Amino acid sequence: MNDPARKRAWKRARAAVRAYSRDPSEINAATVEVAWREIRHMDGVSFWREWQAARLTVSEDHRQDSRTATNRP
């Protein structure tokens, strides 16, 4: 969790939950929802980036293996 934007998002989410626990109003509930939506979005983007990187790495390895196999006598 070295990403500064992610740390700020978690701080906002914690602050929103604390504010809602003190005063469970509609506005505070909406603030909590927005804060958690931002974190879920960041998690989704992070997941897809990791998946894409793993997929590219596997396909590059596969390509190298197939080239090696076709070059064999």
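Residues numbered from 1 in each chain as written. Predicted model: local features only at pLDDT ≥ 70, side-chain atom pairs only at ≥ 80, totals over all residues. Heavy atoms only, no water.

## Some points on the overall build of the chain
Note the cut-off: Note on conventions: DSSP H or I runs of at least 4 residues are helices, E runs of at least 2 residues are strands, and numbering of each starts at the N terminus. Partly exposed describes any residue whose relative accessible area lies between the buried limit of under 20% and the exposed limit of over 50%, with all areas from a 1.4 Å probe on protein chains only and scaled to the type maximum. Residue-level accessible areas treat just the shown protein chains as cover; the underlying method is Shrake-Rupley with a 1.4 Å probe.
When helices and strands are tallied, the chain shows two helices and zero strands. Counting over 73 residues, the chain shows a buried share of 12%. Accessible surface, the chain: about 6200 Å² in total, of which carbon and sulfur atoms supply 57%.

## Here's the deal with the side chain of asparagine 28
For clarity, the threshold we go by: For this analysis, a polar contact is any N or O atom pair within 3.5 Å, provided that within protein one partner can donate a hydrogen and the other can accept it, and provided that sequence-adjacent residues contribute only side-chain to side-chain pairs. Note on definitions: a residue-residue contact is assigned when non-hydrogen atoms from the two residues lie within 4.5 Å.
If you trace the backbone, asparagine 28 turns up in helix H2 (residues 26-71). Taking the relative accessible area as the measure of exposure, asparagine 28 reaches 17% and is therefore buried. A polar atom in the side chain of asparagine 28 sits 3.4 Å from the backbone oxygen of alanine 19. If we skip the residues at most four places from it in the chain, asparagine 28 touches Ala19, Tyr20 and Asp23.

## Focus on the pattern of salt bridges
Under the convention used in this document: For this document, the term salt bridge refers to a Lys or Arg side-chain nitrogen within 4 Å of an Asp or Glu carboxyl oxygen.
What the rule picks out here adds up to four salt bridges. Note that glutamate 38 and arginine 12 form a salt bridge whose closest N and O atoms lie 2.7 Å from each other. One end of the pair, glutamate 38, is in helix H2; the other, arginine 12, is in helix H1 (residues 4-22), and 26 residues separate them in sequence. Its relative accessible area of 29% is what places glutamate 38 among the partly exposed residues. In this structure, the salt-bridge partner of glutamate 33 is arginine 37, at a minimum N-O distance of 3.7 Å. Remark: arginine 37 and glutamate 33 occur in helix H2; sequence separation between them is four residues, near one turn of the helix. By relative accessible area, which is 46% here, arginine 37 ends up partly exposed. When salt bridges that share partners are traced, they join Glu33, Arg37 and Arg40 into one network.

Spatial relationships are all this shows, so hold off on functional conclusions.
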